[in-house]
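Structural description and commentary
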Amino acid sequence: MVVPIALLKFADWLLARSCYRAARKMRNYGLVLRNLFLRPSQSPLIPSVSKCELEGRGCDTLVCDIDGTLLRSQSFFPYFMLVAFEGGSIFRALILLVSSPLLWVLNYNLALKVMIFITFCGLRLKDMESVGRAVLPKFYLENLNLQAYDVLVSTGFKIVFTSMPRMMVAGFLKEYLRVDDVVGTELHTVGQYFTGMLSGSGLLVKQRALEQFLGKEKPDIGLIGSSSPHDHLLISLCKEAYVVGKVDGKPSASSVVPRKKYPKPLVFHDGRLAFFPTPLATLLMFLWLPLGITLAIFRVIVGIFLPYKMALFFATWSGINLKCKVNGSFNINEHDSTKSENGKGVLYVCTHRTLLDPVFLSASLCKPLTAVTYSLSKMSELMAPIKTVRLTRDRKQDGETMQRLLSEGDLVVCPEGTTCREPYLLRFSPLFAELADEIVPVAIDTHVGMFYGTTASGFKCLDAIFFLMNPRPSYLIQILGKVPAEQTCGGGRSSREVANYIQKQLADALGFECTTLTRRDKYMMLAGNEGVVQDRRKKPLLSINFISTSPSRIP
């Protein structure tokens with residue numbers, strides 16, 4: 001009897017001790033969760049960042065993190081998804097999406113390691129560099145916290161310590177936010193590939209990294225996110241500490257940095273995803289893909305084989321939102337004939353948003369047009385329901401080609417030479433102004449909700465397909481009045497003056513800004529080449545200049 005009683009007592013003691021440990025763990029987790037969701041107004045020890053004095057900070061040193069501090073988003077999953085989808089493949093993105101429920105259960109450090117492994121294992125270094133240069137900055141800028149950004153730009157020396165992979169954030173922080181140093185988690189590589197593992201130092205410990213970086217010197221200002229209690233050790237080493245919080249527990253729309261305050265204008269960016277890929281949004285995208293591909297094929301068939309009016313009806317029925325506005329001084333019926341009085345067709349000068357611009361213009365006018373293109377893929381040529389003619393970039397030869405096409409009928413040109421997604425117009429090539437006196441400017445703008453229909457470094461043959469895969473893509477076409485005769489080369493104007501005049505006219509119609517940037521600038525920034533296949537020259541720094549709209553520059 002002694003042995004069973006001893007066993008019962010031992011079991012009772014073990015159970016009680018286990019329950020006690022479990023209770024203590026639950027209590028600790030409760031405290032962590034309470035601190036995790038504690039609003040800044042509930043934390044009397046750390047003042048809100050709104051109380052930070054910005055004047056006279058030019059010589060101060062600032063330390064902060066990017067996750068949850070500079071960025072309004074509290075999760076870095078969407079940025080890993082962008083790297084997985086744009087730099088890897090759709091299958092890598094799917095694996096990362098499937099792992100998201102597991103990531104939600106794991107603690108922050110372990111979840112971060114899992115995301116790093118899935119996203120980077122086998123990824124090429126140059127693909128990560130491309131995504132970091134051309135894709136991520138747009139989403140970072142659109143998610144910047146205004147209050148934290150104001151403090152950042154007011155200080156003289158800026159250091160960011162983050163447990164995120166340094167390669168994902170360093171380019172953006174240094175190029176756009178002028179951060180002096182970025183200290184983050186380093187990834188292990190073999191040759192030109194990532195292994196998905198961390199370097200020997202592991203995840204960055206911010207407090208230790210700060211002590212090693214500055215020694216005994218204390219930074220002047222430290223910023224942390226309202227849901228980052230573990231960063232208290234970091235700001236304990238700072239002279240002043242502030243917490244970046246929320247309004248009523250939710251990110252405020254007013255806390256977004258407006259486009260006019262961007263430290264560097266966002267003119268060019270690349271990638272296919274037009275939405276912020278949270279787990280739910282990414283799941284909806286994958287569920288939409290089969291229907292989206294079917295819908296794109298249907299829209300292509302409709303555009304190729306049906307008459308204009310029937311094609312417009314079925315395109316609208318399938319979800320395409322096409323709006324065509326005609327200026328009162330332009331009469332479509334007047335220009336139904338293939339040639340004008342001088343024996344030439346009408347020259348339509350369009351802004352360039354996607355490869356489908358001439359197609360939608362032709363459908364809106366319900367008349368066949370000819371479009372001139374640069375380096376259009378064979379697949380796009382086969383899908384085009386209108387006549388397309390390639391140019392060679394030889395000025396004399398291209399001029400002769402366009403003259404011949406104008407003698408045959410109406411012609412569509414896009415003088416920018418490449419597409420631009422943002423509200424800017426690139427420099428207009430003046431060649432078109434030398435070819436015709438009957439010029440009609442056409443302002444075109446597009447909006448998509450899921451996929452961009454343009455790319456600089458991807459498969460350009462799929463551009464039209466991706467655009468047509470959107471559930472409700474929209475096209476706005478504004479046909480402006482014919483350019484007055486006195487504003488053409490026939491009226492004594494130079495071709496450059498005519499090009500600048502039409503560029504400003506189109507920019508005003510759309511509410512865009514004129515720039516002096518060119519096709520070469522775009523490809524050097526986004527793809528590291530001049531837009532010519534197999535060109536691997538090193539990209540130079542891109543300086544962005546805006547055309548003055550004063551009467552002295554543009555007539």
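Data block above holds the structure.
In this report, we go over the structure that sits alongside the text. Because the structure is predicted, anything quoted here is derived from the model rather than measured.

Topic: the overall build of the chain
- A count of helical and extended segments in the chain gives 20 helices and 16 strands.
- Put simply, the chain has 555 residues, and 51% of those count as buried.
- Look at the contacts in the chain between residues 6 or more apart in sequence, and 74% of them connect residues 24 or more apart.
- Carbon and sulfur atoms make up 59% of the accessible area of the chain, which totals about 27,200 Å².

Remarks on the pattern of salt bridges
- One pass over the structure, following the stated rule, counts 20 salt bridges.
- Residue Lys 206 is joined to Asp 65 by a salt bridge in which the shortest nitrogen-to-oxygen separation is 2.5 Å. Of this pair, Lys 206 sits in helix α11 (residues 206-214) while Asp 65 sits in the loop between β1 (61-64) and α2 (66-70), and the two are 141 residues apart along the sequence. Asp 65 matches Lys 206 in its accessibility class, with the two residues each being buried.
- As a salt-bridge pair, Arg 259 and Glu 422 come within 2.5 Å of each other at their nearest N and O atoms.

Quick word on the nonpolar core
- Leu 70, Phe 76, Phe 80, Phe 120, Met 168, Leu 173 and Leu 361 are the most contacted members of the largest nonpolar core, which has 114 residues in total.
- If you tally residues by element for this core, the top one is helix α3 (residues 77-88), at 8 residues.
- Not counting residues up to four positions away in its chain, the partners in contact with Phe 120 are Phe 80, Val 83, Arg 92, Met 128, Pro 165, Met 168, Leu 187, Phe 194, Thr 195 and Gly 196.
- Core analysis: the next-biggest nonpolar cluster, separate from the first, contains 30 residues, Val 372, Leu 406, Leu 435 and Ala 499 among them.

Quick look at helix α15 (residues 357-365)
- The element α15 is extensively covered by neighbouring structure, given that 9 of its 9 residues are classed as buried.
- Within α15, the full set of buried residues consists of Asp 357, Pro 358, Val 359, Phe 360, Leu 361, Ser 362, Ala 363, Ser 364 and Leu 365.
- Cys 366, located one to two residues past α15, shows a positive phi value of around 55 degrees.

Thoughts on unusual backbone geometry
- Backbone geometry at Arg 178 places phi at a positive 55 degrees, although glycine is not the residue there.
- Relative to the assigned elements, Arg 178 resides in the loop between α10 (166-175) and β3 (181-185).
- Even without a glycine there, the phi angle at Cys 366 is positive, about 55 degrees.

A word on the sheet that holds strand β12 (residues 411-413)
- Here 7 strands make up an open sheet; going across it, the order is β8-β15-β14-β9-β12-β10-β11 and the pairing mixed. The sheet is open, and its two edges are formed by β8 (321-326) and β11 (387-390), each paired on a single side. Across the sheet, the mean angle from the axis of one strand to that of its neighbour is 25 degrees, orientation sign disregarded.
- For strand β10 (residues 370-373) and β11, the ladder comprises 4 bridges, and the chain directions are parallel. Bridge assignment links Thr 373 to a residue of β11, and that residue is Arg 390.
- Across the sheet, helix α19 (residues 495-510) is in contact with β9 (347-350), β14 (439-447) and β15 (474-479); its angle to β14 comes to roughly 40 degrees.

Some thoughts on a nonpolar patch on the surface
- Taken together, Ile 293, Ile 297, Ile 301, Ile 304 and Phe 305 make up a surface patch of nonpolar side chains, about 480 Å² in accessible area.
- Mapped onto the elements, Phe 305 comes out in helix α13 (residues 279-305).

Concerning the packing of α3 against helix α7 (residues 125-134)
- Where α3 contacts α7, the two axes come as close as 9 Å, and the packing angle between them is 120 degrees. The angle between α3 and α7 places the two elements in the oblique class. Considering the relative orientation of α3 and α7, their crossing is right-handed. Contacts between α3 and α7 involve Leu 82, Val 83, Glu 86 and Gly 87 from the first element and Asp 127, Met 128 and Val 131 from the second.

A word on the environment of Gly 481
- With respect to the helices and strands, Gly 481 occurs in the loop between β15 and α19.
- For the pair Gly 481 and Val 442, spaced 39 residues apart in the sequence, the C-alpha separation amounts to 8.9 Å.

Describing the packing of aromatic side chains
- Summed over all chains, the structure comprises 18 aromatic pairs.
- Centroid distance Tyr 79 to Phe 276: 5.5 Å. Interplanar angle 70 degrees. Geometry classified as edge-to-face. Of this pair, Tyr 79 sits in helix α3 while Phe 276 is found in the loop between β7 (240-244) and α13, placing the two residues 197 residues apart along the sequence.
- Assessed through its relative accessible area of 30%, Phe 276 is described here as partly exposed.
- Look at Phe 80 and Phe 120: their rings are 6.5 Å apart centre to centre, the planes differ by 90 degrees, and that puts the pair in the edge-to-face class. With Phe 80 in helix α3 and Phe 120 in helix α6 (residues 108-120), this pair connects stretches of sequence that are 40 residues apart.

Analysis parameters
- Residues numbered from 1 in each chain as written.
- Predicted model: local features only at pLDDT ≥ 70, side-chain atom pairs only at ≥ 80, totals over all residues.
- Heavy atoms only, no water.
- Helix = DSSP H or I, 4+ residues; strand = E, 2+ residues; numbered from the N terminus.
- Buried < 20%, exposed > 50% of the residue type's maximum accessible area, 1.4 Å probe, protein only.
- Contact = heavy atoms within 4.5 Å.
- Areas by Shrake-Rupley, 256 points an atom, 1.4 Å probe, with all protein chains shown as cover.
- Salt bridge = Lys/Arg side-chain N within 4 Å of Asp/Glu carboxyl O.
- Core = buried A, V, L, I, M, F, W, Y, C linked by side-chain atoms within 4.5 Å.
- Pairing = 2+ DSSP bridges.
- Axes fitted to C-alpha atoms, helices over the stretch in contact; angles between N-to-C directions.
- Patch = residues over 30% accessible without salt bridge, like charges linked within 9 Å, V, L, I, M, F, W, Y side chains within 5 Å.
- Parallel < 35°, antiparallel > 145°, perpendicular 65-115°, else oblique.
- Left-handed = near helix turned anticlockwise from the far one by under 90°.
- Phe/Tyr/Trp six-rings, centres within 6.5 Å; stacked < 30°, edge-to-face > 60°.

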